[in-house]
Amino acid sequence: MSQAVSHSEHEIDLGELFAALWRSKLLIMAFTFVFALLSLALALYLPNIYRADTLLAPASATQKNGLGGLAGQLGGLASIAGISLGGTGTDKTALALETVRSRDFVSRFIQNNDALVALMAVKSWDQNSGELVIDADIYTAGNWVREVRPPKQAKPSLQEAYEEFIKLLNVSQNKENGMVTLSIEHVSPVVAQQWVTNMVAQLNDYMKRRDMAEAQKSLHYLETKLQQTQIEELRQALYQLIEEQTKTLMLTQVSDEYVFKTIDPAVVPEKKAKPSRALLCIIGTLFGGFLGCFVVFIRFLFNRPRV
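This structure is a prediction, so every number in the text was calculated from the model and none was measured.

## Section: the overall build of the protein chain
Helix and strand content of the protein chain: 12 helices and eight strands. By the burial criterion, 35% of the 307 residues in the protein chain qualify as buried. In the protein chain, 76% of the contacts between residues at least 6 apart in sequence involve partners at least 24 apart. A total of about 18,900 Å² of accessible surface is found on the protein chain, and carbon and sulfur atoms cover 56% of it.

The following block contains the structure:
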């Protein structure tokens, strides 16, 4: 008998529940209306975000360092003279994709392009004048005035700027054809396009300078070893290595698009990428209706008669 009573206490009469929902329809409508207004206000408050992108092709799918490329062929001879040729070559494309997301490169990019204000203090973009609207509570009259808690300072650090910039940056590679897409989002379409263009150029220059320095260092080392050895076979091997490094050095000097060649350059976008204001309003309205029904359901559970 007690089990039957306990079972009936936990049963929910759907007819009574729907009747309760109908009686409270004004409350549900009120929740729906309020959240519809809130979502509309939020949709109107959020600034437009524009996305500029560029399509890139790897200048060389796999560029191997000369020392690594001949390691297998010349490893025996090199070991005679105590020369370490290293392992296999490095995939320049994969290395560049990791470099463009790295803290060091992004920090350099922010500094070189004087992008700190446009990154950390912009509130919106004036479409009529084409000017950035700066948040006066963050940056005004050439000074950083934002209020933050230590260890942060009024002027954002490069570490903080990197964390914000990486949210705007997207880099992806098509696994089928190897093409790379690099895109940046910003409230200003002009800034987004400029940053994408500059980032590709500076990435190519960054990788080129690094390989140039490595090639020069390798050449110096190999020429020193060449002077120290009298073994003819080893000298021939060193000549081949020097030739490979010389080719790498020449390539860095003649090619501006060292790692990536631009197939489709970035343009100033005319259409916003987000937010989707209509979708935001729909979601807010549906959530308000669901919340109203949930409140009525909870009231129904607490107020229904107990057996």
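## Things to note about unusual backbone geometry
In this structure, the amide linkage connecting P150 to the following residue, P151, adopts the cis form with an omega of 10°. One can find P151 in the loop between β5 (143-144) and α9 (158-168). We note that D114 has phi near 50°; this positive angle belongs to a residue other than glycine. With respect to the helices, strands and loops of the structure, D114 is situated in the loop between α7 (103-112) and α8 (116-120). The phi torsion at A141 lies on the positive side, around 55°, for a residue other than glycine. With respect to the helices and strands, the residue A141 is situated in the loop between β4 (139-140) and β5.

## Re the sheet that holds strand β8 (residues 260-264)
Reading across from one edge, β6-β7-β1-β8 is the order of the four strands in this open sheet, with antiparallel pairing throughout. At either margin of the open sheet sits one strand with a lone partner, and together these are β6 (169-173) and β8. Ignoring which end each strand starts from, the neighbouring axes of this sheet average 30° apart. Here β6 pairs with strand β7 (residues 180-186) via five bridges, running antiparallel. Note that in β7 the partner of S172 across the bridge is T181. Docked against the sheet, α9 engages β6 and β7, running at close to 50° with respect to β6.

## Concerning the packing of helix α3 (residues 25-45) against helix α12 (residues 277-303)
Between two packed helices, the angle of one axis relative to the other and the distance separating the axes together describe the packing. Running from N to C, α3 and α12 point in directions that differ by 150°, and their axes come no closer than 7 Å. When the axis of α3 is compared with that of α12, the two are roughly antiparallel. In the crossing of α3 with α12, the sense of the turn from one axis to the other is right-handed. Of the residues belonging to the contact of α3 with α12, the class tally is 16 nonpolar, seven polar and two charged.

## With respect to the side chain of R146
Relative to the elements of secondary structure, R146 occurs in the loop between β5 and α9. Separated by 3.0 Å, the side chain of R146 and the backbone oxygen of Q153 make a polar contact. If we skip the residues at most four places from it in the chain, R146 touches M120, D137, I138, Q153, A154, K155, P156 and E160.

## A few points about the packing of helix α2 (residues 14-23) against α12
It is at 10 Å that the axes of α2 and α12 come closest, and there the two elements cross at 125°. In terms of orientation, α2 lies oblique with respect to α12. Here α2 runs over α12; the crossing is right-handed. Counted together, E16, L17, A20 and L21 of α2 and C293, V296, F297 and F300 of α12 form the full contact between these two elements. Here the residues of the contact of α2 with α12 sort into seven nonpolar, no polar and one charged.

## With respect to the packing of aromatic side chains
Throughout the structure, instances matching the rule amount to six aromatic pairs. Ring centres 5.5 Å apart and planes at 75° place the aromatic pair F105 and Y206 in the edge-to-face group. Highlighted residues: F105 in helix α7 and Y206 in helix α10 (residues 189-228), separated in sequence by 101 residues. The class for F105 is buried, based on a relative accessible area of 3%. For Y206, a relative accessible area of 24% translates into the label partly exposed. Three or more aromatic residues joined by ring pairs form one cluster here, namely F109, F165 and W195.

Procedures and definitions
- Residues numbered from 1 in each chain as written.
- Predicted model: local features only at pLDDT ≥ 70, side-chain atom pairs only at ≥ 80, totals over all residues.
- Heavy atoms only, no water.
- Helix = DSSP H or I, 4+ residues; strand = E, 2+ residues; numbered from the N terminus.
- Buried < 20%, exposed > 50% of the residue type's maximum accessible area, 1.4 Å probe, protein only.
- Contact = heavy atoms within 4.5 Å.
- Areas by Shrake-Rupley, 256 points an atom, 1.4 Å probe, with all protein chains shown as cover.
- Pairing = 2+ DSSP bridges.
- Axes fitted to C-alpha atoms, helices over the stretch in contact; angles between N-to-C directions.
- Parallel < 35°, antiparallel > 145°, perpendicular 65-115°, else oblique.
- Left-handed = near helix turned anticlockwise from the far one by under 90°.
- Nonpolar A, V, L, I, M, F, W, Y, C, P; charged D, E, K, R; others polar.
- Polar contact = N/O pair within 3.5 Å; in protein donor to acceptor, adjacent residues only side chain to side chain.
- Phe/Tyr/Trp six-rings, centres within 6.5 Å; stacked < 30°, edge-to-face > 60°.

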